[in-house]
Amino acid sequence: MKVFNLCCAQGHSFEGWFASEDDYQSQTERGLLTCPLCEDKQVRRLPSAPRLNLGATEAPAVPAAHSADSAPTPEQAKALAALQGGLIQAVREVIAQTEDVGQRFPEEARRIHYGEAEVRSIRGQASPEERAELADEGIEVFTLPAVKGLVGPTH
């Protein structure tokens, strides 16, 4: 079993588990790899080094230089994965507990705010101008990133 650190063009990091290097190559060539967060098909393998246990228990005296282009440390990758997992769960809960009113969002938010419609949690689309107008009327809204891959199961 091969476990590779992968990254999409949007910068989302995730792991891919493959039977072999050939399996990874085959799935890549057939366009089967997608980001579980945004469904981006531009997935690349991040550089990684095998962990060799040579018996030494001390950390290196001087930490290696870390640039913006280098792969995250194992601790950073673990923290990022936990953060991404928490974000996925929170967005899924919002999606599950709200009604999608689509392009009618500004109109429906006003109807709820002014007592013309039943009070309920809604979500939908609004332009920046429409969001500003709602805020001017005292209607609180927040922007939730539109991530296609969060509506259904990721795996």
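Quick note: structure is the one above.
Analysis parameters
- Residues numbered from 1 in each chain as written.
- Predicted model: local features only at pLDDT ≥ 70, side-chain atom pairs only at ≥ 80, totals over all residues.
- Heavy atoms only, no water.
- Helix = DSSP H or I, 4+ residues; strand = E, 2+ residues; numbered from the N terminus.
- Buried < 20%, exposed > 50% of the residue type's maximum accessible area, 1.4 Å probe, protein only.
- Phe/Tyr/Trp six-rings, centres within 6.5 Å; stacked < 30°, edge-to-face > 60°.
- Lys NZ or Arg CZ within 6 Å of the ring centre and 35° of its normal.
- Salt bridge = Lys/Arg side-chain N within 4 Å of Asp/Glu carboxyl O.
- Core = buried A, V, L, I, M, F, W, Y, C linked by side-chain atoms within 4.5 Å.
- Contact = heavy atoms within 4.5 Å.
- Pairing = 2+ DSSP bridges.
- Right-handed = clockwise from strand over helix to strand, strands pointing away.

Novice: Teacher, can you tell me more about the overall build of the protein chain here?
Specialist: Along its length, the protein chain carries four helices and five strands. Burial status across the protein chain gives 23% buried among its 155 residues.

Novice: Got a minute to help me understand the packing of aromatic side chains in this structure?
Specialist: What characterises a pair of aromatic rings is the spacing of the ring centres plus the angle enclosed by the ring planes. Taken as a whole and judged by the stated rule, the model has three aromatic pairs. Aromatic rings pair up to connect F4, F18 and Y24 into one cluster. The ring of F4 carries the charged tip of R45 above its face, separated from the ring centre by 3.7 Å.

Novice: Would you mind going over the environment of E39 with me for this structure?
Specialist: With respect to the secondary-structure elements, E39 resides in the loop between helix 1 (21-29) and strand 3 (43-45). Between the C-alpha atoms of E39 and C8, which are 31 residues apart in sequence, the distance is 8.8 Å.

Novice: Any chance you could explain unusual backbone geometry here in plain terms?
Specialist: A negative phi angle characterises most non-glycine residues, just as the trans form characterises most peptide bonds. Positive phi, close to 65°, is recorded for E39, a residue that is not glycine. Here E39 falls in the partly exposed class, since its relative accessible area comes to 40%.

Novice: I would appreciate a short explanation of the pattern of salt bridges in the present structure.
Specialist: Enumeration over the complete set of coordinates arrives at eight salt bridges. The residue E99 makes a salt bridge to R120 at a minimum N-O spacing of 2.6 Å. Taken together, the positions of E99 in strand 4 (residues 99-102) and R120 in the loop between helix 3 (105-113) and strand 5 (122-124) put the pair 21 residues apart, joining distant regions of the chain. A relative accessible area of 22% means that R120 is categorised as partly exposed. Within this structure, E99, R104, E108, R111 and R120 form a network of salt bridges that share partners.

Novice: I'm lost on the nonpolar core in this one. Help?
Specialist: Membership of the largest hydrophobic core is limited to 11 residues, which are F4, L6, C8, F14, F18, Y24, L33, C35, L37, V43 and I88. Per-element tally for this core: the top contributor is strand 1 (residues 2-8), with three residues. Here L6 is in contact with H12, S13, F14, E15, G16, F18, Y24, V43, R44, R45 and L46, once residues within four sequence places are set aside. With nine residues, the next largest nonpolar core counts V101, A117, I122 and I139 among its residues.

Novice: When you look at the pairing of strand 4 in this model, what are you seeing that I'm missing?
Specialist: Every other side chain in a regular strand lies on the same face of the sheet, so the side chains alternate between the two faces. Across three bridges, strand 4 lies against strand 5 in parallel orientation. Bridge pairing links G102 to G124 in strand 5. The parallel pair strand 4 and strand 5, bridged by helix 3, forms a crossover whose chirality is right-handed.

Novice: Sorry if this is basic, but what is going on with the environment of E137 here?
Specialist: Position of E137 relative to the elements: it lies in the segment after helix 4 (128-136). Distance from E137 to R110, taken between C-alpha atoms, is 8.7 Å for residues 27 residues apart in sequence. Not counting residues up to four positions away in its chain, the partners in contact with E137 are R110, H113 and Y114.

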